[in-house]
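Residues per chain are reported as follows:
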Amino acid sequence: MVGTLLLTVWVGLSQAQPGDIDANAGGLSALRGETALDIDKDPGRIKDPVKDQGIQDRQYIHQPPLVPHQVRGYEVDLKVNRCLSCHGWKNAAARKAPRVSPTHFETRDGMTLGDISPRRYFCMQCHVPQTDAKPLVDNVFTPVESLR
Ligand code: HEC
Ligand code: HEC
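As the structure is a prediction and not an experimental result, all values here were calculated from the model.

## Regarding the coordination of the iron atom of ligand 1
Okay, so step 1: With distances of 2.0 Å, the protein atoms coordinating the iron atom of ligand 1 are His 69 (NE2) and His 87 (NE2).
Okay, so step 2: Given 6 donor atoms and angles of 87 to 178 degrees at the metal, the environment of the iron atom of ligand 1 is assigned as octahedral. Highlighted residues: His 69 in the loop between α1 (2-15) and α2 (82-87) and His 87 in helix α2, separated in sequence by 18 residues.
Okay, so step 3: Residue His 69 is classed as partly exposed on the basis of its relative accessible area, which comes to 25%.

Below is the structure:
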């Protein structure tokens, strides 16, 4: 048993070259593509966000709607929340922006607060801007019937 294990390890080591893909890893290609772990991959360009594209259809009932505009420079930290300056209930009408829904005031225990709930404060945890990227893997997802 011990002998077999040692032999396997030795054969593995003797064949591996830097940059090699481990064919025994199940043949899966990770998001970093065919680049081996010991090689630094070129990070590529950050994708350009899609400019104002209008409210996007939702694909399922509790989906956080996609952000249909650019968000560059919209600060969200302890003191400022730029998203709420347009989407908060106070300013939304004046900014012609949709208001955050009442769920955004609820704590996880179901209490309704007078201001945005801490668990909904970091908007882009759930709402994501869009870029014109090709899907990384095939996807056959279709929206639920009532939204088609
Ligand atoms: C300057 C005002 C402004 C700011 C700041 C702003 N938005 Fe918006 N947002 C809008 C407007 C206006 C719309 C509606 C766009 C339309 O009708 O085409 C919108 C639409 C959206 C929607 C789509 C809602 C739906 O029902 O589909 C989401 C989600 C959203 N914004 C998220 C954000 C997030 C997250 C931030 C901060 C990173 C942010 N917005 C900052 C003005 C703003
Ligand atoms: C934990 C996830 C989460 C976070 C964080 C979050 N949202 Fe949402 N948001 C949702 C979901 C899910 C929906 C759709 C269902 C609903 O209204 O609750 C939604 C809906 C919305 C809508 C559409 C409301 C409507 O009536 O159609 C707007 C606008 C919005 N969010 C803005 C924001 C802004 C601005 C922030 C940050 C202050 C934020 N959200 C933070 C999950 C989130």
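## Overview of the coordination of the iron atom of ligand 2
Tetrahedral coordination by four donors puts the ideal angle at the metal at 109.5 degrees, and octahedral coordination by six puts it at 90 or 180 degrees.
Okay, so step 1: Looking at the iron atom of ligand 2, one finds its protein donor set to be His 104 (NE2) and His 127 (NE2), positioned 2.0 Å from the metal centre.
Okay, so step 2: Residue His 104 is classed as buried on the basis of its relative accessible area, which comes to 12%.
Okay, so step 3: For His 127, a relative accessible area of 18% corresponds to the buried category.

## Some remarks on the site of ligand 1
Okay, so step 1: The local shell around ligand 1 holds 19 residues, among which Arg 58, His 69, Cys 83, Cys 86 and His 87 are the closest.
Okay, so step 2: Separating an oxygen atom of ligand 1 from a side-chain N or O atom of Arg 58 is a distance of 3.2 Å.
Okay, so step 3: Classifying every residue of the shell around ligand 1 gives 12 nonpolar, 4 polar and 3 charged.

## Side note on the packing of aromatic side chains
Okay, so step 1: Going through the model one piece at a time under the given rule, you end up with 2 aromatic pairs.
Okay, so step 2: Ring plane angle 70 degrees and centroid distance 5.2 Å describe the contact between Trp 89 and Phe 105, whose orientation is recorded as edge-to-face. With Trp 89 in the loop between α2 and α3 (92-95) and Phe 105 in the segment after α3, the pair connects residues that are 16 residues apart, well separated along the chain.
Okay, so step 3: Consider the rings of Tyr 121 and Phe 122, whose centres lie 5.2 Å apart with planes at 80 degrees: the pair is edge-to-face.
Okay, so step 4: In this structure Tyr 121 comes out as buried when scored by relative accessible area, which is 17%.
Okay, so step 5: The ring of Trp 89 has Arg 99 lying over it, and the distance from NZ or CZ to the ring centre is 3.9 Å.

## Some details on the side chain of Asn 81
Okay, so step 1: Here Asn 81 shows up in the loop between α1 and α2.
Okay, so step 2: Asn 81 sits in the buried class, given a relative accessible area of 10%.

## A closer look at the confidence of the model for the protein chain
Okay, so step 1: Summary statistics for the protein chain give a mean pLDDT of 83 and a share of 80% for residues scoring 70 or more.
Okay, so step 2: Averaged pLDDT values for the elements of the protein chain fall to 44 in α1 and rise to 98 in α2.
Okay, so step 3: Counted against residues more than four places away or in other chains, residues 1-16, with its pLDDT under 50, gives 1 contact.

## Regarding the site of ligand 2
Okay, so step 1: Taken together, 22 residues are adjacent to ligand 2, and Ser 101, His 104, Cys 123, Cys 126 and His 127 come closest.
Okay, so step 2: Taking Ser 101, its side chain carries an N or O atom lying 2.4 Å from an oxygen atom of ligand 2.
Okay, so step 3: In the model, a nitrogen atom of ligand 2 is placed 2.7 Å from a nitrogen or oxygen of the His 127 side chain.
Okay, so step 4: Along the lines of polarity and charge, the residues of the shell around ligand 2 split into 10 nonpolar, 8 polar and 4 charged.

## Considering the pattern of salt bridges
Okay, so step 1: In the structure shown here, the tally under the stated rule is 2 salt bridges.
Okay, so step 2: Close ionic contact of Asp 48 with Arg 45 constitutes a salt bridge, the shortest N to O distance being 3.8 Å.
Okay, so step 3: Where Glu 145 meets Arg 148, a salt bridge forms, and the shortest distance between an N and an O atom there is 3.7 Å.

Quick notes on the rules
- Residues numbered from 1 in each chain as written.
- Chains lettered and ligands numbered in written order.
- Predicted model: local features only at pLDDT ≥ 70, side-chain atom pairs only at ≥ 80, totals over all residues.
- Heavy atoms only, no water.
- Donors = N, O, S within 2.8 Å, 3.2 Å for Na, K, Ca; no water.
- Tetrahedral: all angles 85-135°; square planar, octahedral: opposite > 155°, others 65-115°.
- Helix = DSSP H or I, 4+ residues; strand = E, 2+ residues; numbered from the N terminus.
- Buried < 20%, exposed > 50% of the residue type's maximum accessible area, 1.4 Å probe, protein only.
- Near = heavy atom within 4 Å.
- Polar contact = N/O pair within 3.5 Å; in protein donor to acceptor, adjacent residues only side chain to side chain.
- Nonpolar A, V, L, I, M, F, W, Y, C, P; charged D, E, K, R; others polar.
- Phe/Tyr/Trp six-rings, centres within 6.5 Å; stacked < 30°, edge-to-face > 60°.
- Lys NZ or Arg CZ within 6 Å of the ring centre and 35° of its normal.
- pLDDT = per-residue confidence, 0-100.
- Contact = heavy atoms within 4.5 Å.
- Salt bridge = Lys/Arg side-chain N within 4 Å of Asp/Glu carboxyl O.

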